Structures are given as C-alpha cells and as structure tokens.
Amino acid sequence: MSDMSTVLILVDALDGKVSSAVGELATFGKRIGEVVAVVAANDGAGVAAQLSSFAIDRAIICTGADFASHSIAPIAEALAAAVAKESPTAVLITSTARGKEIAARLAVRTNSGLLTDAVDIDADAIATQSVFGGSTTVHSAVNHGTSIVTLRSNSVEVQSGSGPATTEVLAVAISDSAKKSSVTSLEATVKGGRPELTEASVVVSGGRGTNGDFAPVEAFADSMGAAVGASRAATDAGWYPHSHQVGQTGKTVSPSLYVACGISGAIQHRAGMQTSKMIVAINKDPEAPIFELADYGVVGDLFAVLPQATTAINARK
Amino acid sequence: MAGGVLDRASVDAVLNDLDEYAVEEALRIVEAHSPTGESGEASGHTITLISMGPDRATDAIRKALSMGADDAIHICDDAFAGSDALATSLVLAEVIKKNGYDLIICGTESTDARMSVVPAMLAERLGYAQMTFAGSVTVDPATSSIAISRVTEIGIEKMTAALPAVVSVVEKINEPRYPSFKGIMAAKKKTITSMALADTGLAAEAVGAKAAWSSVKDALPRPPRGAGIKVEDTGNGGSALVEFLAEKRLV
Ligand SMILES: Cc1cc2nc3c(=O)[nH]c(=O)nc-3n(C[C@H](O)[C@H](O)[C@H](O)COP(=O)(O)OP(=O)(O)OC[C@H]3O[C@@H](n4cnc5c(N)ncnc54)[C@H](O)[C@@H]3O)c2cc1C
C-alpha cells in the first residue's frame, strides 16, 4: 500500500513543545505511506520547526489561538479540513485523553471508523490493541472512511528522518460550534523533573507495601529517570495523587520497564501495566500474584532492596 | 467472537460502575438548586437515566433510580447488539435530540471497552459544549452556564460554557450514595420507558454490528509471559536487581 497512500499525523503541542510521541506516529505512518504532519497550535511555525529529526515528508500548519482556548473541538475541525484536502488512508493520533477525544470528534465529522489505544499498526493500517485488561490481543481494521487510529506512546522505537521537505499553511476558520467550551486557565501537571506517567519509558510504582512512605520509590525512580506510579490502595489512602494511579480505573502504561514495589498484583492493577515490556516486582510475600507476571522478582523488603538498588545505580553513573 | 465483534457478555453484566458517579453528580447538581435541598418533583428539575444495553441492564437502571433519578429510558433492541462507539453515540444523540435536555452527564469509560470517546462524539453530534473529564462541576441555572475542572494528563483546565453541555465525570469526583430503603421503594413506581430501533427513527443499517465502522480481524489470548527469575533478598537483592537491569541494558 506504500507510496500511493498518505497518512496524516497530528502534532498536538499545547505547551509549544513537540514530544517524542510525534516521532512514534511518524515511524508508524511511514509503514503505510507518505507522512504528512498536521500542526494545530498557537505558534504553528514554532512547533513545525521542531519536526526536523522525524520521518515526516510534508507538514501542514494551522495556527490560531482557538486551539488552546477552546480545547478539543477546534483541533478536530482543523484535522477534518486537512483530511478533506489530502484524502488520507489513515490519521494517526497519540492515545492520550486529549488525543482520543480529538480522534472521536474527527471520526464523527468524517464519518470514519476509529480504533483507540493501539500498540501497533501495519502497512495495511491494521491496528493491534490489547483488550480485557491486557489478557487478549486484537487485530482490527477500520472498514468505513479514513482509518482513524490512536496509538499509545512507547509502542515503537522512533525512526529518525530529515523532517518535512515542504510546509504549507492551511487557513481554517474555526466554527462557532467548535468554540462552545472555553478554557479559562490551565494548571499544567507539575513535572517535577519526572517524565509523564503514560509517556515514560520506565515506571516505578508503589503500593500498600510502602505503608505511606514513597521516599524510597521516588529515589529509585529518580535514579532511573522514571515516572512514579501507584496502586489504588496507595491512592485511596491518600499516599499518592490519584493522577498517578495505574490500573483499570487509573492510567494504562506500557513502558520498557515497570517496577512494582509492595504491590500484590490484583487483576485491576495488572490491567494498567501488563503490556509493559519488562516487569520487575519487589514484594515481601513470595506468593504475591505479581510474581506470576514478573520477568525478575525480588522476594524482600522494599525498604532494604530499593535504597540498595538506588545506590548501585547512582554508583554506575 | 461473533461477526467481527468481541463478545463482551462474558466480561461482566454489572453496568459500568463509573456511571454511578454520573448519577451521583446529577443528583448533587439538582439538590444544590432545589428549594428543599432534595431532588424529585419539589426541585423543579428532572433527572432522566438513559441506558443503552441488553435486557439485563434493567437491574442497574433500577439501582440508579433508587439513588434518586426521576425516570429512565432503556434503549434496547437486538438490532443494537454489537454497536461500536460511533453507533452508540449516534443512537444516544437521536434519543437526546428527541427529548431535549440541558445537561448530559456521562461516566468516563466503561470497565470493559476502554473507549472514553462516546461523550466527545455526543458533543460533536449534538453541537453541545464538550465539558469532559470533569473532576468538579458547577452549574448556574440563573445564567444557564456550567463550569468544570477538566482533569487529564496535561493538568487541570478550568473550563466554562453555556448550556446545553455534554459532561463526563472522572472516577472519584464524588462518593456515590447508597440507595435508601425509601429510595428503593420509590424506584419501584418510577417509569422505565423502553425504546426500540423503530422509536429512534434510525435505520437498522446505521446501528449494531453490521454498521460497525471497524471490525476485529482476530482476537488471541495474550501469550503467557515466560517464567521469570525470582530471587530472595539475602542482603544484596538491590545490587543483584541492578546487575540484571544492566544486563538487559535498562540502566
Ligand atoms: C472496580 C475496581 C477498580 C480498581 N481499579 C484499580 C486500579 O486502577 N489500580 C489498582 O492498583 N487497583 C485497582 N483496584 C484495587 C485492586 O483490586 C487492589 O485492591 C489494589 O490494586 C491493591 O493494591 P496493592 O497491591 O498496593 O495492595 P495489597 O493488595 O494490599 O498488596 C500490598 C503488597 O505489598 C506487599 N508488602 C507489604 N509490605 C512490604 C514491604 N515492606 N516490602 C515489600 N512488599 C511489601 C505485600 O506482600 C502485598 O503483596 C480496583 C478495584 C476495583 C474493585
């Protein structure tokens, strides 16, 4: 299918910074055809300038203040205009809450099928999803309109490229209907030097076994440059913010390495982490179900194991 | 799997536990603006539950009615079986348009199919303001406006809009109440209106598995993870872990 097909990838950079997730979309898009990045941002040109190391053929730039001030709908509208112009085979969007909602509105607007939370996509735009809490792998295809697919970050190694050879400006007059909700303020997630949970390549999580003391979990995470996650037992107890909960009713993560500390491995927790590439568990109880998933398990006290591991990592630097 | 649709029946018949947060939020909004502080007739507002699902969904509907909602619409027809998010939002939008509401409140995602996209689709189809992933909701009937805190991975966005709006609420927005005995008794007398395909005015081809905008090619159980290494910490467990990670080039 390659060469003849065009794939649009959405560059959504609310804070003006392009993340590596865009590089992943480009990498996936290349399998299907020509990759056209659609930038929808306040400073479209500034964002487009950051695409130079990715495998992107062309860029379409939509600039305007509406993208930040009216959230989802204007971005979907800009993308729909790009779809009308390019008639792409597929539109690829990063699978965040924002990305999925943009994809949802675009699917309605273009009367196209939608697949969310994909972890892979092939040359024929057949997407791989992991469903029912990660217990089942599904291959699905869109059979109506453009294939609109949202892909989880950390799903593929970013292939480098030479960036868009041409850029063009697409003027989109955002409709009143797309401006019905207004953003009055944004309190951005304090990154505190740590990567975002769903984007991190390493996640270190703490559970009830921390007994409320996340210091060793955080110290180990920092030595690894990791994000910090938590089980529901830990978030329910108020030990860690709910926004860091991993699991069925929290975030789904799929990092290269997931380290579960003092977490038993309940099915609802697994649902959010079992597609991680490598799983390490640290637990006092040799019978803890988390060990069934773990590639490497340490039966021991996290308050002894983690500080020693942190020291060992820092010593290697 | 039948006809390119995953069989979710085997997963859990219990209606989406997240929807209880939506029902509770609706009750709180009405109670906040009721002269008596109670929902129901005295408040001057009505809460209608709309549920699209098989026959067995009636139990969950009764439970939500016993929490205090006024009445319910149960959209139920074999023709709807296998509807994906696009078809589901199409049906819901038709029913909502027919009746007209000021505020549509949804849960964020179903426990089985993790598609938090139906509320956004509804907003798009209805042309209502999209106020999704709300961690808090305030409605001002006097100005017919709504304000929310939208909680997503990027942070907390404060948003405002004029009604009508589609709201989705995140888990933990509130503590859903348990139905009282009085509520359970009252729910028995509340009306559940059934709507079949013909009542929605939609064509059979527009909904259900046949109309699915996407289809499953195959579904395979995830291969079990290979047996891992398990070591007991006898004093150097942390260092041994780091050696393992180094071997795998993860540090
Ligand atoms: C509808 C629903 C949704 C849910 N959603 C989620 C979700 O999204 N995410 C989630 O995580 N859970 C979720 N849960 C809860 C889930 O069922 C479990 O209750 C929860 O995951 C348990 O958290 P835990 O493993 O930290 O605690 P526990 O199960 O209590 O396990 C604590 C573990 O720590 C170990 N331990 C204790 N002390 C130490 C020590 N010093 N060193 C090492 N190990 C130690 C113990 O051996 C034990 O294995 C949900 C439940 C329901 C019903």
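Above: the structure in question.
So, a few notes on the structure that sits alongside this text.

**Focus on the interface of chain B and chain A**
Then, number 1: Opposite the 69 residues of chain B that make contact, chain A presents 85 residues.
Then, number 2: Across the chain B/chain A interface, buried area totals approximately 6,600 Å², and carbon plus sulfur atoms make up 55% of it.
Then, number 3: Our count for the contact surface shared by chain B and chain A stands at 31 residue pairs in polar contact (both at pLDDT 80 or more).
Then, number 4: Among the elements that line the side of chain B that touches chain A, the one with the most residues is helix α7 (residues 237–247) of chain B, at nine residues.
Then, number 5: Of the residues assigned to the side of chain B that touches chain A, the class counts are 33 nonpolar, 16 polar and 20 charged.
Then, number 6: Inspection of the sheet shows strand β10 (residues 181–188) of chain A paired to strand β6 (residues 155–162) of chain B by seven bridges, in the antiparallel sense.

**Some points on the site of the ligand**
Then, number 1: Close to the ligand lie 26 residues; R208(A), S231(A), T249(A), S264(A) and N283(A) are nearest.
Then, number 2: In this structure, the ligand sits where chains A and B come together, each supplying nearby residues.
Then, number 3: Between the ligand and the protein, one listed contact pairs an oxygen atom with a side-chain N or O atom of H269(A) at 2.8 Å.
Then, number 4: At 2.9 Å, a side-chain N or O of D301(A) approaches a nitrogen atom of the ligand.
Then, number 5: Summarising the interface, the protein chains cover 78% of the accessible area of the ligand, which totals 990 Å² for the free molecule.
Then, number 6: Grouping the amino acids of the shell around the ligand by side-chain chemistry returns six nonpolar, 14 polar and six charged.

**Side note on the sheet that holds strand β7 (residues 136–142) of chain A**
Then, number 1: Strand order across the open sheet formed by 10 strands is β9(A)-β3(A)-β2(A)-β1(A)-β4(A)-β8(A)-β5(A)-β6(A)-β7(A)-β9(B), with mixed pairing between neighbours. The sheet is open, and its two borders are formed by β9 (166–169) of chain A together with β9 (214–221) of chain B, each paired with just one other strand. For this sheet, the mean inter-axis angle between neighbouring strands, taken without regard to orientation, is 35°.

The rules behind each value
- Residues numbered from 1 in each chain as written.
- Chains lettered and ligands numbered in written order.
- Predicted model: local features only at pLDDT ≥ 70, side-chain atom pairs only at ≥ 80, totals over all residues.
- Heavy atoms only, no water.
- Contact = heavy atoms within 4.5 Å.
- Buried area = accessible area lost by both parts, 1.4 Å probe.
- Polar contact = N/O pair within 3.5 Å; in protein donor to acceptor, adjacent residues only side chain to side chain.
- Helix = DSSP H or I, 4+ residues; strand = E, 2+ residues; numbered from the N terminus.
- Nonpolar A, V, L, I, M, F, W, Y, C, P; charged D, E, K, R; others polar.
- Pairing = 2+ DSSP bridges.
- Near = heavy atom within 4 Å.
- Areas by Shrake-Rupley, 256 points an atom, 1.4 Å probe, with all protein chains shown as cover.
- Axes fitted to C-alpha atoms, helices over the stretch in contact; angles between N-to-C directions.

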